[in-house]
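Inside the fold
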Amino acid sequence: MDGAVARLVIDTNVLISALVFKDSRHVRLREAWRAGRVTPLLSVRTYRELKLVLGYPMFKLEDDQIAEGLALLGPFIEWVQLDPEQTADLPKCSDRDDQKFVETAHCGRADALLTYDRALLKMRKRVAFDVLKPEVWMDTAFG
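Report follows, based on the coordinates. (Residues numbered from 1 in each chain as written. Predicted model: local features only at pLDDT ≥ 70, side-chain atom pairs only at ≥ 80, totals over all residues. Heavy atoms only, no water.)

**Some details on the overall build of the protein chain**
Here is the rule we go by: Segments assigned H or I by DSSP are reported as helices when at least four residues long, segments assigned E as strands when at least two residues long, and all are numbered from the N terminus. Both definitions apply: the radius of gyration is a C-alpha atom measure, and the globule rule equals 2.2 Å times residues to the power 0.38. With a 1.4 Å probe rolled over the protein chains alone, any residue whose accessible area is under 20% of its type maximum counts as buried; one over 50% counts as exposed, and the rest are partly exposed. Surface accessibility follows the Shrake-Rupley procedure with a 1.4 Å probe radius. Residue values consider only the protein chains on display as shielding. Two residue types count as positive, namely Lys and Arg, and two as negative, namely Asp and Glu; His and chain ends fall outside the count. Every charge is mapped to an atom, namely NZ of Lys, CZ of Arg, CG of Asp or CD of Glu.
A count of helical and extended segments in the protein chain gives 8 helices and 5 strands. The order of α-helices and β-strands along the protein chain, N terminus first, is β-α-α-β-α-α-β-α-α-β-α-β-α. Over its C-alpha atoms the protein chain spans a radius of gyration of 14 Å, differing by no more than 12% from the 15 Å that the globule rule assigns to 143 residues. Each principal axis of the C-alpha atoms in the protein chain carries an extent, and together these give about 40 × 35 × 25 Å. Per-residue burial over the protein chain gives 50% buried out of 143 residues. Looking at the protein chain as shown, the accessible area adds up to about 8000 Å², and 49% of this sits on carbon and sulfur atoms. Within the protein chain, the 22 negative side-chain charges are centred at a point lying 3 Å from the centre of the 21 positive side-chain charges.

Shown next as structure tokens:
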């Protein structure tokens, strides 16, 4: 990357992996936002999903673990206001639940949307921002 701060929408599963489970694939991403080289973009809708998923019984997370994970992200977030006029003509994701990530990336002028979700990855040629797996983006941006 050329020194500019990257504006990224990071889907829920990647964020959970980076925040709570500290997945080694996402250490560089977490370090990048903590160092100010990346700005995570969230909308109210993407944040609500993150909080909801963190509470799923399958993760067996206590409230303090959830709060700790969110605290690792909170200071670095740029909040994006979703504008229905700006999003009305966007291509539609085949998974309607994932459209909020496309809208957040568009309204937030994201450089990229990082995801493993197949429905989102299939949109890469239909939107103005990159849609990539996190490792691919990190390798491209930071070598």
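From this point, things continue past the structure.
**A few points about the nonpolar core**
Grouped burial of nonpolar side chains is what soluble globular proteins tend to show. The condition that has to hold: Among the buried residues, those of types Ala, Val, Leu, Ile, Met, Phe, Trp, Tyr and Cys that are joined through side-chain atoms within 4.5 Å form a nonpolar core.
Counting 30 residues, the largest nonpolar core has L8, W33 and W137 as its most contacted members. Elements that contribute at least two residues to this core include exactly β1 (6-10), α1 (12-19), α2 (27-34), β2 (38-42), α3 (44-54), α4 (63-73), β4 (112-114) and α8 (134-142). For this core, the leading source of residues is α1, giving 5 residues.

**Digging into the environment of K22**
Condition: By definition in these notes, contact holds between two residues if any of their heavy atoms fall within 4.5 Å.
Relative to the helices and strands, K22 resides in the loop between α1 and α2. For the pair formed by K22 and A112, sequence separation is 90 residues and the distance between their alpha carbons is 21 Å. With near-sequence residues (within four places) excluded, K22 lies in contact with S17, R30, E68 and L72.

**A closer look at the sheet that holds strand β5 (residues 130-132)**
Heads up, the rule is: For two strands to count as paired, DSSP must find a minimum of two bridges between them.
Spatial strand order, β3-β2-β1-β4-β5: 5 strands in an open sheet with parallel pairing. Every other strand in the sheet has two partners, leaving β3 (78-79) and β5 as the edge strands with one partner each. Of the pairings in the sheet, the one linking β2 to β3 comprises 2 bridges and is parallel in character. The partner of L42 across the bridge, within β3, is W79.

**Here we look at the layout of surface pockets**
Short version of the rule: We place a 1 Å grid over just the protein atoms. Points where a 1.4 Å probe fits but has no way out form a cavity, open points with protein on both sides within 12 Å along at least 5 of 7 lines form a pocket, and any residue with an atom within 4 Å of a point lines it. Grid points are joined across faces, edges and corners, and a volume is the space filled by probe spheres set on the points. The nonpolar class holds Ala, Val, Leu, Ile, Met, Phe, Trp, Tyr, Cys and Pro. Asp, Glu, Lys and Arg form the charged class, and all remaining residues, Gly among them, are polar.
Estimates place the volume of the largest pocket at around 200 Å³. If you trace the largest pocket, you find 14 residues lining it, with T12, N13, E49, D98 and D117 closest to the centre. Contributing elements (two or more residues each) for the lining of the largest pocket: α1 and α3. Split by residue class, the lining of the largest pocket holds 6 nonpolar, 2 polar and 6 charged.

**What about the side chain of K100?**
Under the convention used in this document: Here a polar contact is taken to be a pair of N or O atoms separated by no more than 3.5 Å, where protein atoms must pair a possible hydrogen donor with a possible acceptor and residues adjacent in sequence count only if both atoms sit in side chains.
Within the fold, K100 resides in helix α6 (residues 99-107). Of note is the side chain of K100, whose polar atom sits 3.0 Å from the side chain of E49. Reaching out from K100, the side chain makes a polar contact with the backbone oxygen of D97 at a distance of 2.4 Å. Not counting the four nearest positions on each side in its chain, K100 is found in contact with R45, T46 and E49.

Note that all results are geometric; they support no functional claim without further evidence.
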